[in-house]
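Here are the chains, one letter per residue:
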Amino acid sequence: MNRSRAERSPRPMLSVIVCCYNEAKVLPFFHKRLMAVLKTLSIRYEVVYVNDGSRDETLALLDGYCQTPGVRCLNLSRNFGKEAAMVAGIDYAVGDALLFIDADLQDPPELIPLMVHHWLTGSDIVNMQRRSRLSDTSSKRISAHLYYKLMNFLADKFDVPADVSDFRLIGPAPLAALRGMPERTRFMKGLISWLGFNTIELPYDREPRSAGLSKWGPLALIDLGIEGVLALSRKPLRWFSLLSLMIFIATMVLIIQQMSVNTANAHHVIMGIAAFITVGIAMIGEYLGATLSEVRQRPIYLLDNLLGEAPERPEHPCPIHPREQENH
Ligand code: UDP
Ligand code: MG
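Residues numbered from 1 in each chain as written. Chains lettered and ligands numbered in written order. Predicted model: local features only at pLDDT ≥ 70, side-chain atom pairs only at ≥ 80, totals over all residues. Heavy atoms only, no water.

If you check an unreviewed UniProt entry, the protein appears there as Glycosyltransferase from Pseudomonas kairouanensis. UniProt annotates the protein under Subcellular location (unreviewed entry) with the comment "Membrane". (UniProt positions renumbered as here; feature names shortened; annotations may be inferred.)

Here it is, written out as structure tokens:
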């Protein structure tokens, strides 16, 4: 129903959201290329930079870019992580559709017109999908492969497309649905796949990072993977319950057998069961932790201030710093 808005309105609006964490080395090149591409679009646009607690010159650069009409910056109070920074962008963008793009030029801005074309001709979500992972190390390739296999095994009744980065356009209908989702834990890849809608995957070559460093170490990726499982699926809990039952029955049979031949030595069995139970408790702890962060209702991010002119006030404000309220 919302799709007709883009069709009805002669000039729909696109919000381009760029999350930045210590990107001063690459930002000037990125901004120049982005603005050059956006100027060629036939639709209206705004650029929403989200400064995710950068400690380098990123904020000073963004402040300069915000002098241009249509460019704004949400300055978060600290580094909350990319997923939270993306939520800030979703909350404050005012366009009909959103487009996420990384600041490090791994996602070529020149592909934006193609994505917009697919949106205007009927796709609700345009996902950019890496053509290959040849630029990745073999360990990253293997872990990514296993990760998507696991995700799709765990996800109920929907697919998490492999090798789809955060470089995507989200049209009005899925955007409204996303804004209506109350959960705190935001695992964007999974949530957007869960939404459904008319989705298209376009292959693209992901460039190597043009300058600066990736913020994702192996530990951060494992963390994101676990968050993804906790956010998407309760299957591990169910499997554990079934496995526990099977092991319980098998152990009983074994012990009775051993007793009947008078060689009862249950030590190894008991040790095995204890280890198994420990794994179960740890798993329950993880789910409980995930539940706790939902129940706590803490904001996903905090805004320190807002730079640049907003086209209009957002309809979905998140808690903001009092200083920001004074400014506007
Ligand atoms: N980013 C962010 N907050 C973070 C980490 C990353 O806003 O805590 C931004 C970063 O500035 C970049 C994008 O997210 O624009 C992707 O980060 P990165 O290039 O480090 O990830 P990779 O491409 O290696 O997966
Ligand atoms: Mg990158």
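So, next bit.
Here we look at the sheet that holds strand 5 (residues 125-130)
Spatial ordering of the open sheet is given by 7-5-6-4-1-2-3-8, a layout of eight strands whose pairing is mixed. Strands at the two margins of the open sheet, each flanked by one partner only, are strand 7 (199-204) and strand 8 (303-307). Strand-to-strand twist across the sheet, computed as the mean angle between neighbouring axes with direction ignored, equals 25°. Taken together, the four bridges between strand 3 (residues 71-76) and strand 8 define a ladder with antiparallel strand orientation. Bridge pairing links cysteine 73 to leucine 307 in strand 8. Strands strand 1 (13-20), strand 2 (44-51), strand 3 and strand 8 of the sheet are contacted by helix 3 (residues 58-65), whose axis makes an angle of about 160° with strand 2. Its contacts with the sheet place helix 4 (residues 82-92) against strand 1, strand 2, strand 3, strand 4 (97-100), strand 6 (164-170) and strand 8, and it is angled at close to 135° to strand 3. (Pairing = 2+ DSSP bridges. Helix = DSSP H or I, 4+ residues; strand = E, 2+ residues; numbered from the N terminus. Axes fitted to C-alpha atoms, helices over the stretch in contact; angles between N-to-C directions. Contact = heavy atoms within 4.5 Å.)

Notes on the coordination of the magnesium ion (ligand 2)
The protein atoms that coordinate the magnesium ion (ligand 2) are Asp104 (OD) and Gln106 (OE1), at distances spanning 1.9 to 2.0 Å. Comparing aspartate 104 with glutamine 106, the two get one shared label, buried. (Donors = N, O, S within 2.8 Å, 3.2 Å for Na, K, Ca; no water. Buried < 20%, exposed > 50% of the residue type's maximum accessible area, 1.4 Å probe, protein only.)

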